[in-house]
Amino acid sequence: MDISNVVVLILAVVLVVLILLVLRRLRLLRAGGVHVALRTRIDDTGKGWHLGIARYQGDEFAWFRALSLRSGPDRVIHRDGLEIAHRREPERGETPNMPLGSRVLRFEYVNNVPDPVIEVAMGPDALTGFLSWMESAPPGRRLPWAS
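Residues numbered from 1 in each chain as written. Predicted model: local features only at pLDDT ≥ 70, side-chain atom pairs only at ≥ 80, totals over all residues. Heavy atoms only, no water.

## Topic: the pairing of strand β2 (residues 50–57)
Okay, so step 1: Bridge count for strand β1 (residues 34–39) against β2 is five bridges, and the pairing is antiparallel. Residue pairing in the sheet places Ala 37 in a bridge with Leu 51 of β2.
Okay, so step 2: Across six bridges, β2 lies against strand β3 (residues 60–65) in antiparallel orientation. Across the sheet, Gly 52 pairs through a bridge with Arg 65, a residue of β3.
Okay, so step 3: Between β2 and β3, which pair antiparallel and follow one another directly, the connecting turn spans two residues, one of which, Gly 58, has a positive phi of 65°. (Pairing = 2+ DSSP bridges. Helix = DSSP H or I, 4+ residues; strand = E, 2+ residues; numbered from the N terminus.)

Laid out in structure tokens, this is it:
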């Protein structure tokens, strides 16, 4: 096997992976997904944002990383015990890693969970849908909102 065959094989594998990523993204968007950036490591540098697609599954907000071939969600946010602790505009260094026109929401869980603080960034339309999902909690459930 000479070098040209190896190069062609590598390029074919890269092309197949890219096609699979595009098909996965289209499948998630057609299933009601929205573009959402997420980070769990909160710091002042603005790093740690990962672009992805999220969709609603009952009381869960399932988030899928954009550059992943994993079939299941990479992170699941449960509505029960979730509080919006803070809303803000993205900082200048954060905007390249977020959907256009994003607002950042910082969540805190009132229950003991492995990741007690999560930040998500989403555009205006996705944010409206997300807030509607939060408000449509079952009757009798207290919704604590922070400004």
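## A short note on the pattern of salt bridges
Proximity of charged atoms lets side chains of opposite charge pair with each other.
Okay, so step 1: Considering all chains together, one arrives at seven salt bridges under this definition.
Okay, so step 2: Of the charged contacts in the structure, one is a salt bridge between Arg 88 and Glu 94, with a shortest N-O distance of 2.9 Å. The pair Arg 88 / Glu 94 is uniform in exposure class, with both members buried.
Okay, so step 3: Between Glu 119 and Arg 88 there is a salt bridge, and its shortest N-O distance comes to 3.4 Å. Taken together, the residues span a long stretch of sequence, with Glu 119 in strand β7 (residues 117–122) and Arg 88 in strand β5 (residues 82–88) at a distance of 31 residues. (Salt bridge = Lys/Arg side-chain N within 4 Å of Asp/Glu carboxyl O. Buried < 20%, exposed > 50% of the residue type's maximum accessible area, 1.4 Å probe, protein only.)

## Overview of the nonpolar core
Okay, so step 1: If you look at the biggest cluster of nonpolar residues, it comprises 20 residues, and the most contacted ones within it are Phe 61, Ile 77, Val 120, Met 122 and Phe 130.
Okay, so step 2: When residues in this core are grouped by element, the largest group, six residues, is from helix α2 (residues 124–135).
Okay, so step 3: With residues near it in sequence (within four places) discarded, Phe 61 still touches Val 36, Ala 54, Arg 55, Tyr 56, Arg 75, Val 76, Ile 77, Met 122, Phe 130 and Trp 133.
Okay, so step 4: Counting five residues, the second-largest nonpolar core is a separate cluster that includes Ala 37, Met 98, Val 104 and Ala 121. (Core = buried A, V, L, I, M, F, W, Y, C linked by side-chain atoms within 4.5 Å. Contact = heavy atoms within 4.5 Å.)

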